[in-house]
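Residue strings, one per chain:
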Amino acid sequence: MLISSVWRERSHWWFVVGLAIGGLITATIVTSVGVLVRPILSHRIFVFLLVTFVALVLVKEAGLIKLSLPQNARQVPQRVVRDGAVYGPIKFGIEMGSGVRTYMTAGLPHILAFCILAFARPIPALCAGVCFGLGRAAMTLARHWHTVRSDWDRALFRHDEHIRIVLAISILPSLLVLTL
Amino acid sequence: MGVATAASRTFRRLTHPLVPAAVMACGALALAAAAAFGHRPVLVAWVVLALCAGYSISGSV
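Conventions adopted
- Residues numbered from 1 in each chain as written.
- Chains lettered and ligands numbered in written order.
- Predicted model: local features only at pLDDT ≥ 70, side-chain atom pairs only at ≥ 80, totals over all residues.
- Heavy atoms only, no water.
- Helix = DSSP H or I, 4+ residues; strand = E, 2+ residues; numbered from the N terminus.
- Rg over C-alpha atoms; globule rule 2.2 N^0.38 Å.
- Buried < 20%, exposed > 50% of the residue type's maximum accessible area, 1.4 Å probe, protein only.
- Contact = heavy atoms within 4.5 Å.
- Areas by Shrake-Rupley, 256 points an atom, 1.4 Å probe, with all protein chains shown as cover.
- Lys, Arg positive; Asp, Glu negative; His and termini not counted.
- Charge placed at Lys NZ, Arg CZ, Asp CG, Glu CD.
- Axes fitted to C-alpha atoms, helices over the stretch in contact; angles between N-to-C directions.
- Parallel < 35°, antiparallel > 145°, perpendicular 65-115°, else oblique.
- Left-handed = near helix turned anticlockwise from the far one by under 90°.
- Nonpolar A, V, L, I, M, F, W, Y, C, P; charged D, E, K, R; others polar.
- Patch = residues over 30% accessible without salt bridge, like charges linked within 9 Å, V, L, I, M, F, W, Y side chains within 5 Å.
- Salt bridge = Lys/Arg side-chain N within 4 Å of Asp/Glu carboxyl O.
- Buried area = accessible area lost by both parts, 1.4 Å probe.
- Polar contact = N/O pair within 3.5 Å; in protein donor to acceptor, adjacent residues only side chain to side chain.
- Core = buried A, V, L, I, M, F, W, Y, C linked by side-chain atoms within 4.5 Å.
- Expected span 1.5 Å × (residues − 1).
- Bend = angle between axes of the 7 residues up to and from the residue.

## Observations concerning the overall build of chain A
Turning to step 1, where the next piece is worked out: Of the regular secondary structure elements, chain A holds seven helices and zero strands.
Turning to step 2, where the next piece is worked out: Scanning chain A from its N terminus toward the C terminus, one meets helices and strands in the order α-α-α-α-α-α-α.
Turning to step 3, where the next piece is worked out: On C-alpha atoms alone, chain A measures out to a radius of gyration of 17 Å, which is about the 16 Å that the 2.2 N^0.38 rule sets for 180 residues.
Turning to step 4, where the next piece is worked out: If one aligns the C-alpha atoms of chain A with their principal axes, the spans along those axes are about 50 × 35 × 25 Å.
Turning to step 5, where the next piece is worked out: For chain A, the residues scored as buried account for 49% of the 180 residues in total.
Turning to step 6, where the next piece is worked out: At a minimum sequence separation of 6, the contacts of chain A that also span at least 24 residues come to 79%.
Turning to step 7, where the next piece is worked out: In the structure as shown, chain A presents an accessible area of about 9,400 Å², 67% of it carried by carbon and sulfur atoms.
Turning to step 8, where the next piece is worked out: For chain A, the distance from the average position of its 18 positive side-chain charges to the average position of its 8 negative side-chain charges is 7 Å.

Here it is in C-alpha coordinates:
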(Lines give C-alpha, C1' and ligand atoms only; values in the text may rest on other atoms or scores of the structure.)
Protein backbone atom coordinates (compact mmCIF):
# COMPACT_ATOMS: atom_id res chain seq x y z
CA MET A 1 0.00 0.00 0.00
CA LEU A 2 0.91 3.65 0.01
CA ILE A 3 4.13 4.93 1.44
CA SER A 4 3.07 6.14 4.89
CA SER A 5 4.65 9.61 4.68
CA VAL A 6 2.25 10.46 1.83
CA TRP A 7 -0.59 10.19 4.34
CA ARG A 8 0.80 12.35 7.11
CA GLU A 9 -1.39 15.25 8.24
CA ARG A 10 -2.87 16.86 5.13
CA SER A 11 -0.42 15.32 2.67
CA HIS A 12 -3.05 12.96 1.33
CA TRP A 13 -4.97 15.90 -0.17
CA TRP A 14 -1.83 16.92 -2.05
CA PHE A 15 -1.56 13.34 -3.26
CA VAL A 16 -5.15 13.58 -4.59
CA VAL A 17 -4.27 16.88 -6.32
CA GLY A 18 -1.27 15.13 -7.88
CA LEU A 19 -3.45 12.26 -9.11
CA ALA A 20 -5.84 14.73 -10.77
CA ILE A 21 -2.96 16.66 -12.38
CA GLY A 22 -1.43 13.38 -13.59
CA GLY A 23 -4.71 12.34 -15.20
CA LEU A 24 -4.99 15.79 -16.78
CA ILE A 25 -1.50 15.56 -18.28
CA THR A 26 -2.11 12.14 -19.81
CA ALA A 27 -5.52 13.20 -21.15
CA THR A 28 -3.92 16.26 -22.78
CA ILE A 29 -1.23 14.14 -24.46
CA VAL A 30 -3.71 11.49 -25.64
CA THR A 31 -6.07 14.17 -26.99
CA SER A 32 -3.18 15.76 -28.90
CA VAL A 33 -2.30 12.39 -30.47
CA GLY A 34 -6.00 11.87 -31.22
CA VAL A 35 -6.13 15.11 -33.21
CA LEU A 36 -3.42 13.64 -35.47
CA VAL A 37 -4.95 10.16 -35.76
CA ARG A 38 -8.64 11.00 -36.26
CA PRO A 39 -8.33 12.34 -39.82
CA ILE A 40 -6.71 9.04 -40.86
CA LEU A 41 -9.39 6.63 -39.59
CA SER A 42 -13.17 6.96 -39.86
CA HIS A 43 -15.57 6.97 -36.88
CA ARG A 44 -16.83 3.49 -37.86
CA ILE A 45 -13.35 2.01 -37.73
CA PHE A 46 -12.76 3.55 -34.30
CA VAL A 47 -16.06 2.07 -33.06
CA PHE A 48 -15.15 -1.35 -34.50
CA LEU A 49 -11.72 -1.23 -32.83
CA LEU A 50 -13.29 -0.13 -29.55
CA VAL A 51 -15.90 -2.92 -29.56
CA THR A 52 -13.18 -5.53 -30.24
CA PHE A 53 -10.92 -4.08 -27.54
CA VAL A 54 -13.73 -3.85 -24.96
CA ALA A 55 -14.77 -7.45 -25.67
CA LEU A 56 -11.18 -8.60 -25.07
CA VAL A 57 -10.85 -6.58 -21.85
CA LEU A 58 -14.19 -7.87 -20.50
CA VAL A 59 -13.11 -11.47 -21.15
CA LYS A 60 -9.83 -10.65 -19.40
CA GLU A 61 -11.61 -9.08 -16.41
CA ALA A 62 -13.77 -12.19 -16.13
CA GLY A 63 -10.53 -14.15 -15.82
CA LEU A 64 -11.07 -16.23 -18.96
CA ILE A 65 -7.94 -15.11 -20.81
CA LYS A 66 -4.61 -13.53 -19.94
CA LEU A 67 -3.99 -10.34 -21.84
CA SER A 68 -0.95 -8.16 -21.21
CA LEU A 69 -1.60 -4.54 -22.09
CA PRO A 70 1.17 -1.94 -22.44
CA GLN A 71 2.22 -0.43 -19.12
CA ASN A 72 5.26 0.78 -17.25
CA ALA A 73 4.84 -1.61 -14.32
CA ARG A 74 7.18 -0.01 -11.82
CA GLN A 75 6.81 1.46 -8.38
CA VAL A 76 7.32 5.16 -7.82
CA PRO A 77 10.74 5.52 -6.16
CA GLN A 78 10.89 6.41 -2.45
CA ARG A 79 12.99 9.52 -3.15
CA VAL A 80 9.95 11.20 -4.77
CA VAL A 81 8.11 11.14 -1.44
CA ARG A 82 11.08 12.70 0.38
CA ASP A 83 10.57 15.98 -1.50
CA GLY A 84 8.55 17.45 1.37
CA ALA A 85 4.99 17.35 2.68
CA VAL A 86 3.57 19.13 -0.37
CA TYR A 87 5.75 18.47 -3.42
CA GLY A 88 6.47 14.84 -2.50
CA PRO A 89 2.83 13.74 -2.45
CA ILE A 90 2.05 15.89 -5.51
CA LYS A 91 4.89 14.31 -7.51
CA PHE A 92 3.91 10.86 -6.27
CA GLY A 93 0.30 11.51 -7.31
CA ILE A 94 1.32 12.85 -10.73
CA GLU A 95 3.40 9.76 -11.43
CA MET A 96 0.54 7.47 -10.47
CA GLY A 97 -2.25 9.55 -12.00
CA SER A 98 -0.48 9.93 -15.32
CA GLY A 99 0.41 6.24 -15.48
CA VAL A 100 4.09 7.06 -16.00
CA ARG A 101 5.09 4.58 -13.31
CA THR A 102 2.26 2.41 -12.08
CA TYR A 103 0.85 -1.09 -12.15
CA MET A 104 -2.23 -1.45 -14.35
CA THR A 105 -4.12 -4.34 -12.82
CA ALA A 106 -7.13 -3.81 -15.09
CA GLY A 107 -7.71 -2.92 -18.73
CA LEU A 108 -10.24 -0.12 -18.14
CA PRO A 109 -7.66 2.72 -18.23
CA HIS A 110 -6.61 1.53 -21.68
CA ILE A 111 -10.24 1.68 -22.83
CA LEU A 112 -10.50 5.22 -21.44
CA ALA A 113 -7.31 6.24 -23.23
CA PHE A 114 -8.60 4.77 -26.51
CA CYS A 115 -11.93 6.60 -26.11
CA ILE A 116 -10.17 9.91 -25.47
CA LEU A 117 -7.94 9.29 -28.48
CA ALA A 118 -10.85 8.45 -30.76
CA PHE A 119 -13.87 10.43 -29.59
CA ALA A 120 -13.14 13.16 -27.00
CA ARG A 121 -13.38 16.88 -27.51
CA PRO A 122 -10.89 18.93 -25.47
CA ILE A 123 -13.06 19.89 -22.47
CA PRO A 124 -14.60 16.43 -21.90
CA ALA A 125 -11.14 14.90 -22.37
CA LEU A 126 -9.66 17.11 -19.64
CA CYS A 127 -12.66 16.40 -17.41
CA ALA A 128 -12.11 12.66 -17.97
CA GLY A 129 -8.43 13.05 -17.05
CA VAL A 130 -9.27 14.72 -13.73
CA CYS A 131 -11.99 12.16 -12.98
CA PHE A 132 -9.53 9.34 -13.69
CA GLY A 133 -7.26 10.75 -11.00
CA LEU A 134 -10.21 11.14 -8.61
CA GLY A 135 -11.24 7.56 -9.31
CA ARG A 136 -7.75 6.44 -8.32
CA ALA A 137 -7.97 8.58 -5.21
CA ALA A 138 -11.33 7.09 -4.13
CA MET A 139 -9.88 3.78 -3.03
CA THR A 140 -6.84 5.20 -1.28
CA LEU A 141 -8.99 7.74 0.59
CA ALA A 142 -11.50 5.04 1.56
CA ARG A 143 -8.65 3.00 3.04
CA HIS A 144 -7.19 6.06 4.73
CA TRP A 145 -10.52 6.88 6.42
CA HIS A 146 -11.37 3.32 7.35
CA THR A 147 -10.94 2.79 11.07
CA VAL A 148 -9.42 -0.69 10.85
CA ARG A 149 -7.13 -0.81 7.82
CA SER A 150 -6.35 -4.51 8.07
CA ASP A 151 -10.11 -5.18 7.81
CA TRP A 152 -10.24 -2.94 4.77
CA ASP A 153 -7.35 -4.81 3.10
CA ARG A 154 -9.08 -8.12 3.76
CA ALA A 155 -12.36 -6.75 2.32
CA LEU A 156 -10.56 -5.58 -0.82
CA PHE A 157 -8.86 -8.96 -1.22
CA ARG A 158 -12.22 -10.70 -0.79
CA HIS A 159 -14.15 -8.45 -3.20
CA ASP A 160 -11.47 -7.52 -5.74
CA GLU A 161 -12.95 -9.76 -8.44
CA HIS A 162 -16.48 -8.45 -7.80
CA ILE A 163 -15.26 -4.84 -8.00
CA ARG A 164 -13.50 -5.53 -11.30
CA ILE A 165 -16.62 -7.09 -12.84
CA VAL A 166 -18.97 -4.36 -11.53
CA LEU A 167 -16.71 -1.63 -12.94
CA ALA A 168 -16.24 -3.41 -16.28
CA ILE A 169 -20.02 -3.63 -16.70
CA SER A 170 -20.52 -0.06 -15.45
CA ILE A 171 -18.52 1.45 -18.30
CA LEU A 172 -20.80 -0.06 -20.97
CA PRO A 173 -23.56 2.62 -20.85
CA SER A 174 -20.85 5.30 -21.10
CA LEU A 175 -19.34 3.64 -24.16
CA LEU A 176 -22.79 3.42 -25.74
CA VAL A 177 -23.46 7.13 -25.18
CA LEU A 178 -20.00 8.15 -26.45
CA THR A 179 -20.08 6.10 -29.64
CA LEU A 180 -23.67 6.76 -30.77
CA MET B 1 -20.90 5.96 23.65
CA GLY B 2 -23.52 3.91 21.86
CA VAL B 3 -24.11 6.73 19.37
CA ALA B 4 -20.38 7.04 18.67
CA THR B 5 -20.13 3.30 18.09
CA ALA B 6 -23.07 3.36 15.70
CA ALA B 7 -21.58 6.34 13.88
CA SER B 8 -18.18 4.70 13.53
CA ARG B 9 -19.84 1.50 12.32
CA THR B 10 -21.74 3.46 9.68
CA PHE B 11 -18.58 5.28 8.64
CA ARG B 12 -16.74 1.96 8.39
CA ARG B 13 -19.46 0.67 6.09
CA LEU B 14 -19.27 3.80 3.92
CA THR B 15 -15.53 3.35 3.44
CA HIS B 16 -15.85 -0.32 2.44
CA PRO B 17 -14.05 -0.92 -0.92
CA LEU B 18 -17.30 -2.02 -2.55
CA VAL B 19 -19.09 1.28 -1.83
CA PRO B 20 -17.38 3.50 -4.47
CA ALA B 21 -17.85 0.74 -7.04
CA ALA B 22 -21.54 0.54 -6.12
CA VAL B 23 -21.89 4.34 -6.43
CA MET B 24 -20.27 4.22 -9.88
CA ALA B 25 -22.58 1.36 -10.89
CA CYS B 26 -25.57 3.51 -9.82
CA GLY B 27 -24.21 6.34 -11.99
CA ALA B 28 -23.94 3.91 -14.89
CA LEU B 29 -27.53 2.76 -14.35
CA ALA B 30 -28.74 6.37 -14.34
CA LEU B 31 -26.80 6.95 -17.55
CA ALA B 32 -28.35 3.87 -19.16
CA ALA B 33 -31.80 5.07 -18.12
CA ALA B 34 -31.14 8.52 -19.60
CA ALA B 35 -29.93 6.93 -22.85
CA ALA B 36 -33.03 4.73 -22.97
CA PHE B 37 -35.22 7.87 -22.78
CA GLY B 38 -33.38 9.44 -25.70
CA HIS B 39 -30.99 11.71 -23.78
CA ARG B 40 -27.27 11.79 -24.49
CA PRO B 41 -25.42 13.12 -21.43
CA VAL B 42 -21.94 12.99 -22.93
CA LEU B 43 -20.11 14.71 -20.07
CA VAL B 44 -21.69 12.39 -17.49
CA ALA B 45 -20.64 9.43 -19.66
CA TRP B 46 -17.02 10.66 -19.59
CA VAL B 47 -17.17 11.14 -15.82
CA VAL B 48 -18.53 7.64 -15.15
CA LEU B 49 -16.08 6.03 -17.59
CA ALA B 50 -13.09 7.86 -16.11
CA LEU B 51 -14.04 7.25 -12.47
CA CYS B 52 -14.51 3.53 -13.17
CA ALA B 53 -11.20 3.36 -15.03
CA GLY B 54 -9.38 5.14 -12.20
CA TYR B 55 -10.96 3.04 -9.47
CA SER B 56 -10.32 -0.23 -11.33
CA ILE B 57 -6.55 -0.02 -10.89
CA SER B 58 -6.51 1.41 -7.40
CA GLY B 59 -5.91 -2.00 -5.89
CA SER B 60 -2.35 -1.61 -7.17
CA VAL B 61 -1.78 1.50 -5.04
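Past the structure itself, the notes keep going.
## Quick notes on the packing of helix 5 (residues 108-119) of chain A against helix 6 (residues 122-145) of chain A
All names here are of chain A.
Turning to step 1, where the next piece is worked out: For the pair helix 5 and helix 6, the least separation of the axes is 10 Å and the interaxial angle reads 165°. As the angle between them shows, helix 5 and helix 6 are arranged roughly antiparallel. The handedness of the crossing between helix 5 and helix 6 is left-handed. Across from P109, L112 and I116 in helix 5, the residues of helix 6 making contact are A125, A128 and F132.
Turning to step 2, where the next piece is worked out: The residue makeup of the contact of helix 5 with helix 6, split by class, is six nonpolar, no polar and no charged.

## Concerning a nonpolar patch on the surface
All names here are of chain A.
Turning to step 1, where the next piece is worked out: Residues W14, V17, I21, I25, I29, V33, V86 and Y87 make up a contiguous nonpolar surface patch of roughly 680 Å² in combined accessible area.
Turning to step 2, where the next piece is worked out: Looking at where I25 falls in the secondary structure, it is placed in helix 1 (residues 11-37).
Turning to step 3, where the next piece is worked out: Overall, I25 belongs to the partly exposed group, its relative accessible area being 37%.

## Here's the deal with the interface of chain B and chain A
Turning to step 1, where the next piece is worked out: Across the boundary between the two partners, chain B contributes 34 residues, which contact 45 residues of chain A.
Turning to step 2, where the next piece is worked out: Buried surface at the junction of chain B and chain A, both sides included, amounts to about 3,700 Å², of which 79% is carbon and sulfur.
Turning to step 3, where the next piece is worked out: Where chain B touches chain A, the interface holds zero salt bridges.
Turning to step 4, where the next piece is worked out: Applying the counting criterion to the chain B and chain A interface returns six residue pairs in polar contact (both at pLDDT 80 or more).

## A look at the environment of N72(A)
Residue and element names in this part refer to chain A.
Turning to step 1, where the next piece is worked out: Inspection of the secondary structure puts N72 in the loop between helix 2 (43-61) and helix 3 (78-81).
Turning to step 2, where the next piece is worked out: Along the primary structure N72 and M104 are separated by 32 residues, whereas in three dimensions their C-alpha atoms are 8.3 Å apart.
Turning to step 3, where the next piece is worked out: Here N72 is in contact with V100, R101 and T102, once residues within four sequence places are set aside.

## A short note on the side chain of H110(A)
Turning to step 1, where the next piece is worked out: Assignment of secondary structure puts H110(A) in helix 5.
Turning to step 2, where the next piece is worked out: In this view, H110(A) contacts F53(A), L69(A), P70(A) and M104(A); residues no more than four positions away in its chain are not counted.

## Some thoughts on the nonpolar core
Nonpolar side chains in soluble globular proteins tend to end up buried together.
Turning to step 1, where the next piece is worked out: Within the largest apolar cluster, 48 residues are counted, with the highest numbers of intra-cluster contacts made by I111(A), L112(A), I116(A) and W46(B).
Turning to step 2, where the next piece is worked out: For this core, the elements supplying multiple residues, two or more each, are helix 1, helix 2, helix 5, helix 6 and helix 7 (149-179) of chain A together with helix 2 (18-36) and helix 3 (42-56) of chain B.
Turning to step 3, where the next piece is worked out: The contacts of I111(A), once residues within four sequence positions are left out, are L50(A), F53(A), V54(A), V57(A), I171(A) and L175(A).

## Points about the packing of helix 7 of chain A against helix 3 of chain B
Turning to step 1, where the next piece is worked out: Where helix 7 of chain A meets helix 3 of chain B, the axes come as close as 9 Å, and the angle between the chain directions of the two elements is 155°. Overall, the two elements helix 7 of chain A and helix 3 of chain B adopt an arrangement that is roughly antiparallel. The handedness of the crossing between helix 7 of chain A and helix 3 of chain B is left-handed. The segment helix 7 of chain A lies against helix 3 of chain B, with I163(A), L167(A), S170(A), I171(A), S174(A), L175(A), V177(A) and L178(A) engaging V42(B), A45(B), W46(B), V48(B), L49(B), C52(B), Y55(B) and S56(B).
Turning to step 2, where the next piece is worked out: Here the contact of helix 7 of chain A with helix 3 of chain B is built from residues that sort into 13 nonpolar, three polar and no charged.

## Observations concerning helix 6 of chain A
Turning to step 1, where the next piece is worked out: Helix length check: helix 6 of chain A, at 24 residues, gives a terminal C-alpha distance of 34 Å against a target of 34 Å (1.5 Å per residue), a fit within 8%.
Turning to step 2, where the next piece is worked out: By the largest-angle criterion, A138(A) marks the main kink of helix 6 of chain A, which is about 25°.

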